[in-house]
Every structure is written in C-alpha cells, then in structure tokens.
Amino acid sequence: MKFKERFKNIEYNNLYPLFFTIIFILILIQYSFNSLDAIFYDLWSKADIVANEPDNIVVVTMDEESDQFLGEVYPYTYATHVRFLDKLLDDRPDIVSYLIPFLAPETQAETSYAETFHDRLLKYSQEEGHFRFGTDKDAWGEQVPPENLVDLGYSLALINKDGNVFAKDDVTRRVILNISGEDSLHLWIANKYQESRGLEKLEAAEYQGAYYNREADATFSLFRYGGDPSRYDTVTSIAFHRVVVGNFPRGFFKGKTVLIGSQYLSNVGDFVNTPFGKEDQKSPKLNVHAQIIQSLIKDMTVVRAPDWITDFIAIILAILLPFIISKVKPTKGILITMAIMVSMFSLAYFSYIGLGIWFKLSHVILSIFVVYYIWVPFRAIGEYQTRYTIQEETKMLKKVDMLKQNFISLMSHDLKTPVAKISGIADILRNQYRNEPKQKELLDNIVLSTKELNNFITSILDLTKIESRDITLRLETKDINPLIEQTVDKLKFEASAQNMKINMDLAPLYPIKLDVVLINRVLANLIGNAIKYAGQGSEVSVRSWDDEQWVYVEIKDSGKGIKEEDLEYIFDKFYRVKNDDSHKIKGSGLGLYLVKYFIELHHGKIAVTSKPNEGAAFLIQLKNE
C-alpha cells in the first residue's frame with residue numbers, strides 16, 4: 001500500500017526532462033568527439049610531472065651549421081663519417097643508431113671509406129656495444145641501407161602521425177612497437193638497453209596499452225612525453241661537426257644511447273607536431289625519437305580505459321545531476337556542477353600520471369553541459385510558474401486585505417457613534433437623575449465598558465492605519481516632561497483606586513520634535529499598563545533624563561513582572577501574557593504593538609526588562625534633536 005501511495009505521489013512532470021536527458025545522453029555517447037578528447041589528452045601530456053626526461057640519450061644533429069663547417073652536403077661522405085665514428089666510439093657509448101639514408105659509394109675512394117666505416121661499426125657491435133640503422137618509408141617502400149651496410153642491421157624508425165584516426169591532426173601520440181612481425185627501432189633500442197643492464201626484455205604485446213591494428217599489420221601504444229621536445233634543453237644534443245673535430249668533453253657519450261640524424265630548419269620533414277605544439281611550435285624528430293625510447297625504457301606507455309566506463313559515468317551523472325540541480329539554489333547548483341567537472345578532470349589527470357590510464361572525458365563533460373542546459377531552463381520555467389502563482393495569490397490577498405481593512409475601518413467608525421451615544425446617555429442618567437445605589441453601579445459599569453470599547457475601537461483603527469501605511473507624523477517641538485505630567489494626572493484616579501503611588505523624577509530637558517498625540521498614546525498605554533498589571537499597593541515610577549544623542553523615559557513598576565519566555569513576544573500583534581491575572585484584565589493585545597510602532601515611527605527605540613516578582617521596566621529612547 002505504501003508503495004502504491006508513493007507511486008501515486010510521483011510528480012510526473014519532473015520525469016519528462018529526466019527522460020529526455022537520458023535519451024539525449026544515450027544518443028550522445030554513440031558518437032566520438034575525438035578532437036575534444038585530444039585536447040584533454042594533450043593537456044595531460046603537458047602537465048605530466050611523473051614521466052622522466054631522456055637522461056641517458058644524446059642526439060647528434062646534422063644541420064646547416066655542420067654543412068657550413070664541414071663544407072659538405074647532407075648526408076656527408078663516408079670519410080667524414082669515419083672521422084666521426086673514431087671520435088664517437090672512442091668515448092664508449094652503449095648504443096648507436098644512425099637515422100639517415102646512406103648512399104651507395106660512387107668512387108673507389110668512397111668505397112674504401114665505406115668499408116672502413118662498415119668494419120668499424122661491425123667491430124663495435126661485436127665487442128663493445130650495439131648498433132642499428134633506423135630506416136624510414138617513402139612511396140617506394142622502406143629506405144634500406146646500401147647493400148654493403150645491410151648486414152649491420154636495420155629497423156623501421158617511423159614517427160606515427162595521427163592523420164587517419166582519432167583527432168586526425170598529425171600530432172604524434174602513439175609509438176609503433178612492431179610492424180609486420182619486426183620490432184621497431186625504438187623497441188629494439190629499449191630492449192638492448194634492458195639487456196645491457198641485465199633487466200627483463202619486453203615484447204611489443206607486453207607493454208601497457210599495446211594493441212594490434214590489422215589494417216596496418218602493426219602493434220601500437222600511446223606513449224608519455226617526459227618533457228617538451230620542442231625545447232632544446234629537454235634532450236641532450238650536440239652538433240655533428242663538433243663530434244667530428246672532438247669538440248666535446250671526455251665521457252660525454254659514455255654508456256649513453258646515441259641517435260644521429262638530420263635537423264635542418266629548412267626541412268619541414270625533420271620536425272613533427274606534438275601535444276606541446278603544432279604548426280607554430282613543431283618539435284625536432286630526433287627529440288621525439290628520444291622521448292619515445294625513454295618511455296619504452298621506463299615502461300611509461302598509456303592504456304586507454306574502455307569507453308563503457310566513461311559512458312556509464314555519463315549516464316549516472318545524467319541521473320544524479322538533475323536531482324541536485326532541482327533541489328538546490330541556482331548559484332549552489334553551478335558550484336556543484338563545477339565541482340563535479342573539476343573532480344572528473346582531477347580523476348582523469350591523476351589516473352593518467354599515476355597509473356598511465358587515459359579516460360576519454362568528452363562524453364562525461366558534454367553530458368554535464370547537456371544536463372545543466374536542459375534542466376536549468378526546465379527549472380526556470382517551473383520557478384516562473386510558481387512565481388506567477390505567488391504573484392496572483394499576493395494580488396488576491398492584497399485585495400482581500402484591502403477589503404478587510406475597509407470593512408474594519410467602516411465598522412469601527414460606525415461603532416464609535418453608538419458607543420458615544422450610549423456613554424452620553426449613561427452620563428446623563430448618572431448625573432442628572434436620582435439613582436439608587438444599584439442603578440448608579442450599573443450606570444458606572446456602562447460608562448466604564450463604553451470607555452473600554454472606545455479604546456478597543458481606537459486601537460483597531462490605528463492598526464488599520466498602520467497596515468495601510470496611512471499614519472503620518474505631525475511633529476512639534478515640545479518638552480516631553482509636561483506630557484508625562486499630564487498623563488500621570490489623568491491616571492491618578494485609577495492609581496488611587498488600586499492603592500498605588502506614582503513617583504516622578506523628571507530631569508530638565510530640551511524640547512525635541514515629536515507627535516504630541518502619538519506620544520500621549522504611548523505614555524498613557526505604558527503608565528496605564530503599569531497601574532493595571534502591577535497589582536494592589538504597588539509603586540510606579542516615571543523617570544526622564546537625556547544625553548547628547550537621546551532623551552530617555554523609563555516607566556517602572558514593582559509588580560509581579562513578566563516571565564522570560566514572554567518578553568520577546570510582548571510587542572507582537574494581539575499577544576497577551578498568559579497568567580491568572582491577565583485573564584481578569586481586559587485588553588486587545590494591540591497596545592504594546594502600537595507603542596513600539598509609534599516609537600519607531602519617531603526613529604526611536606523601546607526596550608523592556610523584567611524579572612519575576614521584581615516588576616517590569618520599559619525604557620523609551622527618542623532622538624535628542
């Protein structure tokens with residue numbers, strides 16, 4: 001039964017945007033937003049503080065400066081390379097790789113130097129270290145070394161550019177680990193590095209995130225950059241001609257992996273796009289080769305998280321976020337939405353740098369935006385409808401309130417006339433005719449009752465004026481002490497009937513601006529209340545004094561006082577203190593409410609202090625100006 005009741009109480013209007021949002025998200029996740037994911041991936045690459053810079057790799061650059069110094073053109077003569085090898089290999093590097101297309105020798109002298117070049121490298125690879133040619137591909141296939149150098153060994157050293165899949169922006173984010181069953185140069189060097197240090201070698205498929213592409217017949221993996229390869233201080237670099245002439249410190253190449261290749265500013269083919277820069281800030285290919293080898297040596301490849309994980313997160317957010325947005329204030333909703341987005345970014349970033357896991361965020365981020373921009377208008381429409389309803393209800397209440405005030409005002413005015421007639425007739429009967437004691441008592445009760453009724457009507461009229469904002473001050477410059485004395489004189493008879501004494505201690509005061517009628521009402525109410533509620537034989541004291549800012553009037557009695565729980569409510573409309581004595585004393589509950597209003601209308605203050613059986617003290621403060 002409870003389930004049925006809850007089911008009936010569901011507001012189906014709130015389910016329409018939720019249903020619409022989920023359908024939209026389900027359609028959204030069917031599409032790939034690789035350009036957006038590439039932006040996030042490149043951001044993580046730039047902010048990667050864990051991956052290491054290539055600290056054991058040196059690149060030797062053949063460029064315009066070397067051409068000019070040597071007086072030769074790329075790729076230089078075998079004689080020059082022999083001189084280069086003499087200096088380089090004497091410094092005992094660990095691994096050496098040429099990434100340039102050597103030409104077959106054309107002269108007898110070149111053939112002789114080519115043989116020397118071959119023999120020097122062969123001896124080095126058999127006795128001291130490891131050597132490999134890095135080859136490239138062109139329209140005719142792989143650019144293999146000349147026939148006399150083939151036996152030294154060669155591997156493809158391709159830089160993969162994202163031109164056909166993913167973002168299609170020609171940015172290098174992936175490494176080719178193996179192609180057509182042969183390890184790439186990068187993987188070959190990484191394994192030789194591990195082998196020389198007695199570490200375990202890794203096959204292409206064993207790297208984190210490695211995957212096989214049937215169309216390319218190659219195994220790929222995303223890799224992590226250890227720094228910005230466009231900066232020349234990220235990878236240790238030296239010009240080719242400096243090595244030829246031995247212009248480098250001893251031990252510069254010892255135990256290092258050396259990559260030799262071209263880096264001509266005039267040749268765009270020697271530079272590639274990376275996450276750190278594209279057309280305006282391309283990176284040298286040699287530096288990117290070094291970064292790839294470093295990532296393989298350190299096993300710093302990246303695994304792509306399954307798409308269903310981020311799709312699941314997107315759907316969960318599509319369900320939870322609308323609930324949050326619909327329950328909190330708009331500003332708080334924006335903050336929560338931003339916090340969720342920052343949390344997703346943080347999760348993706350720390351997963352990338354800490355675990356090498358890449359989450360595609362496009363569906364999650366777009367889902368957050370979709371949810372927000374669907375639900376905020378729906379909420380705005382709902383709030384507009386609610387506001388419109390409240391406005392209409394307010395208009396209706398104002399009309400009803402106006403009718404009520406008009407009715408009360410008319411009734412009160414109409415009641416004053418018959419009450420005055422009754423009071424007048426009772427006075428005539430009491431004063432002009434002989435009455436028996438019982439008749440005189442009854443006439444006195446009539447006069448007293450009409451006076452109480454007249455006071456109640458006056459209070460109601462004042463209340464209607466207050467609620468209609470129809471009270472205006474008629475300020476006069478007056479000394480408040482004479483007003484106090486006049487009020488006390490009028491109430492002396494009531495005080496004597498209660499066997500009470502009213503003491504006055506009035507200090508000399510300067511005249512201040514006040515509404516005489518309203519202040520008389522205030523004084524009459526407060527002194528009259530002190531007389532009514534203090535009890536038989538009590539004392540009432542009235543004091544006045546001033547300072548530079550205020551004129552003070554204190555009305556204090558020595559009666560039973562007011563309970564602490566009643567003090568904060570006594571100035572409320574229609575509130576009366578609940579005790580046995582208050583039920584015997586007639587009143588409307590409007591007196592102190594009107595007193596407070598009249599005082600505040602003068603920009604003054606009123607406060608009350610009281611303790612049980614120690615009386616009550618009301619302190620009035622009026623501007624001394």
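Residues numbered from 1 in each chain as written. Predicted model: local features only at pLDDT ≥ 70, side-chain atom pairs only at ≥ 80, totals over all residues. Heavy atoms only, no water.

Undergrad: So, the pattern of salt bridges: which residues are in play, and what are the values?
TA: In this structure the tally under the stated criterion is 14 salt bridges. Between Arg 173 and Asp 42 there is a salt bridge; the shortest N-O distance is 2.9 Å. One end of the pair, Arg 173, is in the loop between strand S6 (154-156) and strand S7 (174-179); the other, Asp 42, is in helix H3 (residues 34-46), and 131 residues separate them in sequence. For the residue pair Arg 173 and Asp 42, the accessibility class agrees, reading buried in each case. Residues joined by salt bridges that share partners form a network here, namely Asp 42, Asp 162, Asp 169 and Arg 173. (Salt bridge = Lys/Arg side-chain N within 4 Å of Asp/Glu carboxyl O. Helix = DSSP H or I, 4+ residues; strand = E, 2+ residues; numbered from the N terminus. Buried < 20%, exposed > 50% of the residue type's maximum accessible area, 1.4 Å probe, protein only.)

Undergrad: Quick one: what's the story with the sheet that holds strand S18 (residues 501-506), residue by residue and with numbers?
TA: Across the sheet, which stays open at both edges, the five strands sit in the order S18-S20-S21-S23-S22 with mixed pairing between neighbours. What marks the edges here is a single partner per strand, and that holds for S18 and strand S22 (605-610). Each strand axis lies, on average, 15 degrees off the axis of its neighbour in the sheet, ignoring direction. Bridging between strand S21 (residues 550-557) and strand S23 (residues 616-623) involves seven bridges; their strand directions are antiparallel. Bridging across to S23, Tyr 552 finds its partner in Gln 621. Its contacts with the sheet place helix H14 (residues 480-497) against S18, strand S20 (539-546), S21 and S23, and it is angled at close to 170 degrees to S18. Against the sheet, helix H15 (residues 516-534) contacts S18, S20, S21, S22 and S23, and its axis sits at roughly 25 degrees relative to S21. (Pairing = 2+ DSSP bridges. Axes fitted to C-alpha atoms, helices over the stretch in contact; angles between N-to-C directions. Contact = heavy atoms within 4.5 Å.)

Undergrad: Before we move on, can you summarise helix H9 (residues 285-297) with the specific residues and values?
TA: Structural remark: α-helix, 3.6 residues per turn; residues separated by three or four positions point the same way. The end-to-end C-alpha distance of H9 is 18 Å, a good match for the 18 Å that 13 residues give at a rise of 1.5 Å each. Summarising burial for H9: twelve of the 13 residues are buried, a large majority. Among the residues making up H9, those that are buried are Leu 286, Asn 287, Val 288, His 289, Ala 290, Gln 291, Ile 292, Ile 293, Gln 294, Ser 295, Leu 296 and Ile 297. Looking one or two residues past H9, Asp 299 carries a phi angle of roughly 55 degrees, positive in sign. (Expected span 1.5 Å × (residues − 1).)

Undergrad: Would you mind going over the environment of Phe 271 in detail, with residue names and values included?
TA: Turning to its location among the elements, Phe 271 is positioned in strand S13 (residues 271-272). Between the C-alpha atom of Phe 271 and that of Lys 282, which follows or precedes it by eleven residues, the distance is 5.8 Å. With residues up to four places along the chain from it excluded, the contact list for Phe 271 reads Tyr 232, Gln 263, Tyr 264, Leu 265, Lys 282, Ser 283, Pro 284 and Lys 285.

Undergrad: Any chance you could break down the packing of H15 against helix H18 (residues 591-601) for me, citing the residues and the numbers?
TA: Look at H15 against H18: their axes get within 9 Å of each other, and the N-to-C directions meet at 140 degrees. Relative to H18, H15 is oriented oblique. Seen along the crossing, H15 lies across H18 with a hand that is left-handed. For the pair formed by H15 and H18, the contact residues are Leu 518, Ile 519, Arg 521, Val 522, Asn 525, Leu 526 and Asn 529 on the first element and Gly 591, Leu 592, Leu 594, Val 595, Phe 598, Ile 599 and Leu 601 on the second. (Parallel < 35°, antiparallel > 145°, perpendicular 65-115°, else oblique. Left-handed = near helix turned anticlockwise from the far one by under 90°.)

Undergrad: How would you summarise H15 if you had to cite specific residues and measurements?
TA: With 19 residues, H15 extends 26 Å between its outermost C-alpha atoms, agreeing within 8% with the 27 Å of an ideal straight helix rising 1.5 Å per residue. For H15, the capping residue at the N-terminal end is Asp 515, with a side-chain oxygen 3.1 Å from the backbone nitrogen of Val 517. (Polar contact = N/O pair within 3.5 Å; in protein donor to acceptor, adjacent residues only side chain to side chain.)

Undergrad: An account of the sheet that holds S6 is requested, with residue identities and associated values reported.
TA: As a general point, the strands of a sheet are linked pairwise by backbone hydrogen bonds and lie either parallel or antiparallel. In space, the six strands of this open sheet follow the order S6-S3-S2-S12-S1-S11, with parallel pairing throughout. With one partner strand each, in any of the chains shown, S6 and strand S11 (236-239) form the two edges of the open sheet. For this sheet, the mean angle separating the axes of adjacent strands, direction not counted, is 25 degrees. Pairing of strand S2 (residues 95-98) with strand S12 (residues 257-262) involves four bridges; the strand directions are parallel. Counted as the bridge partner of Val 96 is Val 258 from S12. Helix H5 (residues 78-90) rests against strand S1 (57-62), S2 and S12 of the sheet, and its axis sits at about 160 degrees to S2.

Undergrad: Account for the pairing of strand S3 (residues 130-135), naming residues and giving values.
TA: Most of S3 sits inside the fold, with six of its six residues counted as buried. A two-sided burial pattern is seen for S3, the buried positions comprising His 130, Arg 132 and Gly 134 on one face and Phe 131, Phe 133 and Thr 135 on the other. Note: S2 against S3, four bridges, orientation parallel. Looking at the pairing, Ile 95 lines up with His 130 of S3. As a crossover connection, the stretch from S2 through helix H6 (residues 108-127) into S3 is right-handed. The pairing of S3 with S6 spans three bridges and is parallel. (Right-handed = clockwise from strand over helix to strand, strands pointing away.)

Undergrad: Could you give an account of the confidence of the model for the protein, with specific residues and numbers?
TA: Per-residue pLDDT for the protein averages 83, and the proportion of residues at 70 or more is 86%. Note that residues 6-12 has pLDDT below 50 and, in this model, two contacts with residues that lie over four places away or in other chains. (pLDDT = per-residue confidence, 0-100.)

Undergrad: Give a detailed account of the packing of aromatic side chains, specifying residues and quantitative values.
TA: Scanning the model with the defined rule gives 29 aromatic pairs in all. Ring centres of Tyr 211 and Phe 220 lie 6.0 Å apart, and the angle between their planes is 25 degrees; this geometry places the pair in the stacked category. Classification of Tyr 211 by relative accessible area gives partly exposed; the value is 32%. By relative accessible area, which is 5% here, Phe 220 ends up buried. Taken together, the ring pairs connect Tyr 76, Tyr 78, Phe 84, Tyr 98, Phe 102, Phe 117, Phe 131, Phe 133 and Phe 240 into an aromatic cluster. (Phe/Tyr/Trp six-rings, centres within 6.5 Å; stacked < 30°, edge-to-face > 60°.)

Undergrad: For the packing of helix H10 (residues 307-327) against helix H11 (residues 330-355), give the residues involved together with the corresponding values.
TA: Interhelical geometry of H10 versus H11 gives an angle of 160 degrees and a closest axis separation of 11 Å. Our classification of the angle between H10 and H11 gives roughly antiparallel. Seen from above, H10 lies across H11 with right-handed handedness. In this structure, H10 uses Ile 313, Leu 317, Leu 321, Ile 324 and Ile 325 to contact H11, whose residues at the interface are Ile 336, Thr 337, Ile 340 and Met 344. Among the residues forming the contact of H10 with H11, the class breakdown is eight nonpolar, one polar and no charged. (Nonpolar A, V, L, I, M, F, W, Y, C, P; charged D, E, K, R; others polar.)

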